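Overview (structure and organization)
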Amino acid sequence: MSENAVRNQSRPKVALFVTCLVDLFRPSVGFATIKLLEESGCDVVVPTAQTCCGQPAYNSGDRADTRAIAEQVIAAFEGFDHVVAPSGSCAAMLKKHYPELFAGDPEWEARAAAFSEKVFELVSFLADVRGMTAVTARVEGTATYHDSCSGLRELGVKAQPRMLLDSVEGLELTELRDSEVCCGFGGTFCIKYPDVSNAIVTKKARNVGMTGADMLLAGDLGCLMNMDGKLKRENIAVEVRHVAEVLAGMTDAPPIGGKL
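Residues numbered from 1 in each chain as written. Predicted model: local features only at pLDDT ≥ 70, side-chain atom pairs only at ≥ 80, totals over all residues. Heavy atoms only, no water.

A word on the overall build of the protein
In terms of regular secondary structure, the protein is built from 14 helices and eight strands. A globule of 260 residues ought to have a C-alpha radius of gyration of about 18 Å, and the protein, at 18 Å, matches this closely. A principal-axis box enclosing the C-alpha atoms of the protein has dimensions of 55 × 50 × 30 Å. A total of 260 residues make up the protein; the buried ones form 50% of that total. Taking as baseline every contact in the protein between residues at least 6 positions apart, the subset at least 24 positions apart corresponds to 77%. (Helix = DSSP H or I, 4+ residues; strand = E, 2+ residues; numbered from the N terminus. Rg over C-alpha atoms; globule rule 2.2 N^0.38 Å. Buried < 20%, exposed > 50% of the residue type's maximum accessible area, 1.4 Å probe, protein only. Contact = heavy atoms within 4.5 Å.)

In structure tokens form, the structure reads like this:
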């Protein structure tokens, strides 16, 4: 066997689950994710048959449509070594809720369980699976980090992003007061309970402003877009970016909500 063949065998094949919000609103997060995965020693594939993870339907109680979506996702991704999403929310849906969705189903239960074992949130995958302890990026400024609910509570993503952010040359990380408290987005929650959502994100935005940081980072685009909107309405001048963009050193593009 040739040296190249041996090298290729040693590189896991990772399927990127892009997520709807990244695809439609912030494709740069997808490109940053690919760069980080390749730097960690993986070959990356973006399956074209992928669609939504089904979380909006699932959270709304529509199990029939969620199952149909989940079956399509499993079929498109189950042939890869790992499945990685730059979103704790989507990754948690795939990893934690798909097995629940198919529990007791003789045809799909085992497939869903095997699939879920391959699924990881991006930063968790880099640190916990690939063993990355540092990145090569350089980004000047100060940043604070918001712990998104699903990534933190369902997947245990907490120390990993801070460890990698500490390795970014030129970046100073300052802790956010109540960083583990929800930002008020919650997918359909902010639509069903707008007053409660607004009260939560108002407090979050003010805590962000109190840090004095140049940038607000997180691992979920929904949370970031929600907080960015409130920061702008409160006239708090803080750039908002996905953590992958900073870890990849891809901050040339305008921040979320910035002018092109």
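With respect to the pairing of strand E1 (residues 13–16)
Where E1 and strand E2 (residues 43–45) come together, three bridges link them in parallel fashion. In the sheet register, Ala 15 faces E2, and the bridge partner there is Val 45. Bridge analysis of E1 against strand E3 (residues 82–85) gives three bridges, and the strand direction is parallel. Bridging across to E3, Leu 16 finds its partner in Val 84. (Pairing = 2+ DSSP bridges.)

Some words on the packing of helix H3 (residues 27–39) against helix H8 (residues 122–129)
The N-to-C vectors of H3 and H8 enclose an angle of 5°; their axes lie 11 Å apart at closest approach. Taken together, the axis directions place H3 and H8 in an arrangement best described as roughly parallel. On H8, the residues that touch Thr 33, Leu 36 and Leu 37 of H3 are Leu 122, Phe 125 and Leu 126. Of the residues belonging to the contact of H3 with H8, the class tally is five nonpolar, one polar and no charged. (Axes fitted to C-alpha atoms, helices over the stretch in contact; angles between N-to-C directions. Parallel < 35°, antiparallel > 145°, perpendicular 65-115°, else oblique. Nonpolar A, V, L, I, M, F, W, Y, C, P; charged D, E, K, R; others polar.)

Here's the deal with the sheet that holds E3
Whenever strands of a sheet pair, they do so through backbone hydrogen bonds, lying parallel or antiparallel. Overall, parallel pairing links the four strands, which are arranged E2-E1-E3-E4 in an open sheet. On the outer flanks of this sheet lie E2 and strand E4 (119–121), each paired with one strand and no other. Taking each pair of neighbouring strands and ignoring which way they run, the sheet shows an average axis angle of 35°.

What to know about the pattern of salt bridges
The final tally for this structure, using the stated rule, is 15 salt bridges. The residue Asp 228 makes a salt bridge to Lys 232 at a minimum N-O spacing of 2.7 Å. Here Lys 232 and Asp 228 lie together in helix H13 (residues 221–233), a separation of four residues that amounts to about one turn. The network of salt bridges with shared partners includes Asp 147, Lys 158, Arg 162, Glu 175 and Glu 180. (Salt bridge = Lys/Arg side-chain N within 4 Å of Asp/Glu carboxyl O.)

Overview of the side chain of Asp 105
In this fold, Asp 105 is placed in the loop between helix H6 (88–101) and helix H7 (109–117). We classify Asp 105 as buried; its relative accessible area is 15%. Polar side-chain contacts of Asp 105 include one of 3.1 Å to the backbone nitrogen of Trp 108. (Polar contact = N/O pair within 3.5 Å; in protein donor to acceptor, adjacent residues only side chain to side chain.)

Focus: the side chain of Thr 144
Position of Thr 144 among the secondary structure elements: in strand E5 (residues 138–145). Look at Thr 144 and you get buried, because its relative accessible area is 0%. At 2.8 Å, the side chain of Thr 144 and the backbone oxygen of Thr 174 are in polar contact. Apart from the residues lying within four places of it in its own chain, the contact partners of Thr 144 are Leu 173, Thr 174, Glu 175, Leu 176, Val 208, Thr 211, Ala 213, Met 215, Leu 216 and Leu 217.

Here's the deal with empty space enclosed by the protein
All told, the structure shown has one cavity of 30 Å³ or more when counted by the stated rule. Lining the largest cavity are Gly 88, Glu 121, Tyr 145, Asp 147, Ser 148, Gly 151, Leu 152, Val 157, Gly 219 and Asp 220. Looking at side-chain class alone, the lining of the largest cavity contains three nonpolar, four polar and three charged residues. (1 Å grid on protein atoms, 1.4 Å probe; cavity = no way out; pocket = protein on both sides within 12 Å on 5 of 7 lines; lining within 4 Å. Points joined across faces, edges and corners; volume = space filled by probe spheres on them.)

Focus: the layout of surface pockets
Taken as a whole, the largest pocket encloses approximately 650 Å³ of empty space. Considering the residues around the largest pocket, the lining is formed by 27 residues, among which Gln 55, Ser 89, Phe 185, Gly 186 and Gly 187 are closest to the centre. Within the residue set of the lining of the largest pocket, elements represented by two or more residues are helix H2 (20–25), helix H4 (55–59), H6, helix H9 (149–155), helix H11 (189–192) and H13. Looking at side-chain class alone, the lining of the largest pocket contains 15 nonpolar, eleven polar and one charged residues. By volume, the second largest pocket amounts to about 190 Å³. As for the second largest pocket, its lining consists of 13 residues, of which Phe 25, Arg 26, Pro 255, Ile 256 and Gly 257 are closest to the centre. Contributions of two or more residues to the lining of the second largest pocket are made by H3 and H13. Tallied by class, residues from the lining of the second largest pocket come to nine nonpolar, three polar and one charged.

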